[in-house]
Amino acid sequence: MKSNVKGFADSAKGFTKSPLGIIALFIVLVYGFASLVVSFGQNIGENAIPLIYFLVLFPVIVFFGFLWLVANHHRKLYGPSDFKDEDNFVKVQMSTAMSLAAASAKQPNAELNPELSEKYQEKILELVNRTSQREKIKTSKNRIIWVDDRPENNIYERKAFEAQGIEFSLALNTNEALELIKNNDYVAIISDMGRKEGPKEGYKLLNAVRESGNKTPFFIYAGSRSEEHNRMTKERGGQGTTNRADELYEMVMNSIQ
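Asks: Kindly report on the overall build of the protein, identifying the contributing residues and their values.
Replies: Scanning the protein for helices and strands turns up 10 helices and 5 strands. Residues classed as buried in the protein amount to 37% of the 257 residues present. Once local pairs closer than 6 in sequence are excluded, the contacts in the protein between residues at least 24 apart make up 67%.

Written as structure tokens, this is what we have:
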């Protein structure tokens, strides 16, 4: 009996390392106590009926509640211990957040300046935790093509993705990008707008990709995030337009996952 109690205690301790484990532990305890009351309770009388209904309906309610959590908040159901290496999890999150903060600080937006507010830093951390992949997977299926004739302008943005296991192919012009897209598989395409070839090369590339039948998610990262430019991008089959590093990261990571 003593060994059984110790075994349960050890198992319970393991469950407390993640939100999903805490939920499971709570369900087991509630259902277990209710079963004990019904089985061994004395003089329950008419009060047994509500308990029986509870025992019958509780698993059904838990099942649908779990489906809702998985469908809407699955990224919040894990803790650092769900990674193969907890230290690596923390390093990945911090590296991603620092890269995004650095990318945001260098952008000429009035709302984002080099001295990022504490509130904005918290927003960056929350974004990273919400969109991060649970494991770093380095395969061709996690490769993005980034089209920009000045790739040195996007170093921090790429570092944020790379910390999550994303790899990049870089293209300097539309023709080079189309050749790479034709011969390789990518999970997303990121393009600037104006290049040496012309001021609307982002749209030109997007049109060519969609006309070829390629449905890879396409994002434009340029100098605007206006509703008009966002609408024009979506009308051409793209997924969005932004000039903010955090928005780009969120859109792309959501499309990957």
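This is not the end of the story, as more comes after the structure.
Asks: Outline the sheet that holds strand 3 (residues 188–191), supporting the account with residue identities and numerical values.
Replies: Spatial ordering of the open sheet is given by 2-1-3-4-5, a layout of 5 strands whose pairing is parallel. Each end of this open sheet is capped by a strand with a single partner; those strands are strand 2 (167–171) and strand 5 (240–242). On average, adjacent strands in this sheet sit at an angle of 20 degrees to one another, irrespective of strand direction. Here strand 1 (residues 143–147) pairs with strand 2 via 5 bridges, running parallel.

Asks: Residue-level account of helix 9 (residues 227–235), with values.
Replies: When helix 9 is considered as a whole, its buried residues turn out to be Asn230, Met232 and Thr233. Along the long axis of helix 9, the arc covered by the buried residues comes to 160 degrees, so they all point the same way. In helix 9, those exposed residues whose orientation departs by more than 90 degrees from the buried face are Glu227 and Glu235. Along its buried surface, helix 9 packs onto helix 8 (201–211), strand 4 (218–221) and strand 5. Looking at the residues trailing helix 9, positive phi occurs at Gly237, about 100 degrees.

Asks: Lay out the packing of aromatic side chains in plain terms, naming residues and giving numbers.
Replies: Under the definition given, this model contains 4 aromatic pairs. Look at Trp146 and Tyr221: their rings are 5.9 Å apart centre to centre, the planes differ by 85 degrees, and that puts the pair in the edge-to-face class. Of this pair, Trp146 sits in strand 1 while Tyr221 sits in strand 4, placing them 75 residues apart in sequence. Per residue, the accessibility class of Trp146 equals that of Tyr221, and both read buried. Across from the ring centre of Tyr203, 4.1 Å away, lies the NZ or CZ of Arg236, which sits over that ring.

Conventions used here
- Residues numbered from 1 in each chain as written.
- Predicted model: local features only at pLDDT ≥ 70, side-chain atom pairs only at ≥ 80, totals over all residues.
- Heavy atoms only, no water.
- Helix = DSSP H or I, 4+ residues; strand = E, 2+ residues; numbered from the N terminus.
- Buried < 20%, exposed > 50% of the residue type's maximum accessible area, 1.4 Å probe, protein only.
- Contact = heavy atoms within 4.5 Å.
- Pairing = 2+ DSSP bridges.
- Axes fitted to C-alpha atoms, helices over the stretch in contact; angles between N-to-C directions.
- Arc of directions from axis to C-beta.
- Phe/Tyr/Trp six-rings, centres within 6.5 Å; stacked < 30°, edge-to-face > 60°.
- Lys NZ or Arg CZ within 6 Å of the ring centre and 35° of its normal.

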